[in-house]
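Chain by chain, the residues run as shown.
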Amino acid sequence: MTITFDVADRPVPYRVSRAARTGDDVTVLLNSRVVDPESSTSGSPSDVWLKAGQISRIVPAGSEPGTGSVLNLKGRFVAPGLMDAHVHLAFDGGDDPKGTYQGSSDDEIVAQVVANARIALRAGITTVRDCGTPRHLLAPMRAALGMVSDVATVVHCGAPICRVGGHGHDMNGEVRTREDIEAIIAEQHAAGATWIKLMASGGGFTPGTSPSVFEFDPVLLREAVVIAGSYGMRTAAHAHASSSMAACIEAGVHSLEHASMLGPDEQCVPDRELLRRAADAGIHIVPTVVSADIVSRQLRGGHPVLSNPQDRNVVARLESRFTNVTEFLRSGVSIVAGTDAGPAHVTFDLLARELARYVDAGLAAQHALKSATCEAADMLGMETQVGRIRPGLWADLIVTAEDPMQDISTLATPLGVLKRGLLIAQ
């Protein structure tokens with residue numbers, strides 16, 4: 001629920017404080033305990049001043065009189081807005097996301113993108129990375145998102161690049177040659193993408209592909225990373241197979257998505273040497289556990305929400321994502337939170353559950369929170385904008401009843417969400 005206060009019916013001058021209401025640009029958060037997962041502190045009560053959508057200063061509580069639109073947190077906690085580094089905004093997270101997507105018009109898909117970004121923000125997720133967009137819809141999606149203020153900030157990967165017939169090929173990112181790669185990266189960069197998604201293995205959504213096989217030409221993979229880098233773009237690689245992970249590490253990608261460590265025998269076996277190489281290279285891993293939990297339960301219950309005959313060990317593959325988090329932790333590789341929202345019943349408000357699963361797997365709550373705040377911001381190249389509560393950064397914030405570094409579950413029920421200082425309804 002939103003924090004509310006008694007508000008006078010008559011307008012008041014800006015120099016006089018009044019309680020903030022939904023839709024207000026907040027000027028100060030009074031009596032707040034600032035959560036800093038990077039330093040593992042949630043300090044003494046402070047007043048956090050905001051200006052023009054940014055954090056302007058943080059001072060001891062009560063040291064300055066509050067003015068303008070004031071939110072008195074009364075000792076509650078304020079944390080950086082959460083960041084979900086792996087979502088699919090074009091899918092609806094319903095009973096048949098792929099069927100709905102394929103049966104939708106362009107306008108309907110764009111409207112779904114906006115609706116999903118709105119759901120995310122109301123859950124305290126102030127930034128998402130969209131890991132797969134229909135090639136021709138990136139510009140219209142960005143335009144539609146730019147027309148509204150009550151949606152999460154979206155970092156775009158554009159159309160996923162894959163082999164001919166590869167995973168996600170229905171988004172029109174198939175390539176055969178270096179020239180194909182150059183063309184699609186230039187096009188997606190011009191349309192506003194800052195990341196490029198590379199499909200290095202098959203996936204459960206795409207018949208004719210195999211998650212246990214490296215499905216990308218290694219020379220083209222490296223060239224894609226280099227070409228993207230020439231535009232200042234980073235690269236994310238969908239990689240279930242250990243062989244695909246190894247090739248992506250060699251190619252120099254920035255993030256490995258899912259990282260299932262699937263062998264050619266379709267068994268998931270932890271490869272600690274592979275993880276050590278990823279850690280040494282500074283590569284981030286985005287585990288996407290909660291989607292695997294939800295989809296595997298549906299499959300065990302007889303609901304065919306994935307239908308790829310070549311994904312023969314699909315349930316075990318999905319269930320390994322949770323135990324793999326423990327291996328990621330032991331290896332020292334950077335873990336960045338992502339839900340893979342969009343598949344059947346994987347909605348866009350589940351990041352708190354993702355973080356809770358990391359805690360179940362052995363991460364401290366502070367570490368789990370870092371994976372969705374400062375660590376995510378660093379990976380996304382947004383460390384000068386979001387991910388921490390610092391003067392000069394955007395006022396993307398969430399208010400919680402408890403300290404999330406002590407009780408990660410408190411993130412599931414935020415008391416308030418601010419996007420660039422704007423108080424969002426709950």
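Numbering of residues starts from 1 in every chain and runs along the sequence as written. This being a predicted model, a pLDDT of at least 70 is required before a residue's local features are given, and a value of 80 or more before pairs of side-chain atoms are given or counted; all residues contribute to the totals for chains, interfaces and linings. Calculation of side-chain values draws on the structure's entire complement of heavy atoms; hydrogens and water are dropped beforehand.

Undergrad: Is there a simple way to explain the packing of aromatic side chains in this structure?
TA: The description of an aromatic ring pair uses the distance of the two centres, along with the angle that the planes make with each other. Stacked, tilted and edge-to-face pairs are distinguished by plane angle, under 30 degrees for stacked and over 60 for edge-to-face with tilted covering the rest, among Phe, Tyr and Trp rings (Trp via its six-membered ring) whose centres lie within 6.5 Å. Inspection of every chain in the model, using the stated rule, returns one aromatic pair. Ring geometry for Phe91 versus Tyr101: centroids 5.3 Å apart, planes at 85 degrees, classification edge-to-face. Linking Phe91 in the loop between strand E8 (82-87) and helix H1 (97-102) with Tyr101 in helix H1, this pair joins segments that are 10 residues apart in sequence. Buried residues are those whose accessible area, probed at 1.4 Å on protein chains only, stays under 20% of the maximum for their type, while exposed residues exceed 50% and partly exposed ones sit between those limits. The exposure class assigned to Phe91 is buried, which follows from its relative accessible area of 9%. Here, a charge over a ring is recorded when the distance from Lys NZ or Arg CZ to the ring centre is within 6 Å and its angle to the ring normal is within 35 degrees. Above the ring of Trp49, the side-chain terminus of Arg57 is found at 4.4 Å from the ring centroid. Above the ring of Phe322, the side-chain terminus of Arg357 is found at 3.9 Å from the ring centroid. Under the scheme used here, helices are H or I runs from DSSP no shorter than 4 residues and strands are E runs no shorter than 2 residues, and both carry numbers assigned from the N terminus.

Undergrad: Help me understand helix H5 (residues 218-230), please; the structure alone is not making it clear to me.
TA: Working note: α-helix, 3.6 residues per turn, so residues spaced by three or four point in the same direction. Relative to the 18 Å expected for 13 residues at 1.5 Å per residue, H5 spans 19 Å between its end C-alpha atoms, a close match to the ideal helical length. Along H5, the residues classified as buried are Leu220, Leu221, Ala224, Val225, Ile227 and Ala228. Should any heavy atoms of two residues lie within 4.5 Å, those residues are counted as being in contact. Looking at the buried positions of H5, the neighbouring elements they touch are helix H4 (178-191), strand E11 (195-199), strand E12 (234-241) and helix H6 (242-251). What qualifies as a polar contact is a pair of N or O atoms within 3.5 Å, subject to a donor-acceptor requirement within protein and to the restriction that residues adjacent in sequence count only when both atoms come from side chains. By the N-cap criterion, in which a side-chain oxygen at the helix start approaches the backbone nitrogen of a residue two or three places on, H5 is capped by Asp217, the distance to Val219 being 2.8 Å. Positive phi shows up at Gly232, right after H5, with a value of about 75 degrees. Multiply 1.5 Å by the residue count of a helix minus one, and that product is the helix's expected span.

Undergrad: Help me understand the packing of H5 against H6, please; the structure alone is not making it clear to me.
TA: When two helices pack together, their arrangement is given by the angle between their axes and by how far apart the axes lie. One can describe the packing of H5 onto H6 by two numbers: an axis separation of 9 Å at closest approach and a directional angle of 45 degrees. As the angle between them shows, H5 and H6 are arranged oblique. Relative to H6, the crossing made by H5 is right-handed. Judged by residue contacts, Leu221, Arg222 and Val225 of H5 engage Ala247, Cys248 and Ala251 from H6. When its residues are assigned to classes, the contact of H5 with H6 shows five nonpolar, no polar and one charged. Here the axes come from fitting lines to C-alpha atoms, over the contacting stretch only for helices, and the angles between their N-to-C directions go from 0 to 180 degrees. Here the word oblique covers every angle except those under 35 degrees (roughly parallel), over 145 (roughly antiparallel) and from 65 to 115 (roughly perpendicular). Crossings are sorted by hand: turned counterclockwise from the far helix by less than a right angle, the near helix makes the crossing left-handed, and turned clockwise it makes it right-handed. In this classification, the charged set is Asp, Glu, Lys and Arg, the nonpolar set is Ala, Val, Leu, Ile, Met, Phe, Trp, Tyr, Cys and Pro, and all remaining amino acids, among them Gly, are polar.

Undergrad: Looking at this structure, how should I read the packing of H4 against H5?
TA: The interhelical angle for the contact between H4 and H5, taken along N-to-C directions, is 30 degrees, at an axis separation of 10 Å. Taken together, H4 and H5 sit at an angle that is classed as roughly parallel. Like other packed secondary-structure pairs, H4 and H5 cross with a definite hand, here right-handed. Touching Arg178, Ile181, Glu182 and Ile185 of H4 are Leu220, Glu223, Ala224, Ile227 and Ala228, all from H5. Of the residues assigned to the contact of H4 with H5, the class counts are six nonpolar, no polar and three charged.

Everything listed is a geometric property; what it means functionally is a separate question.
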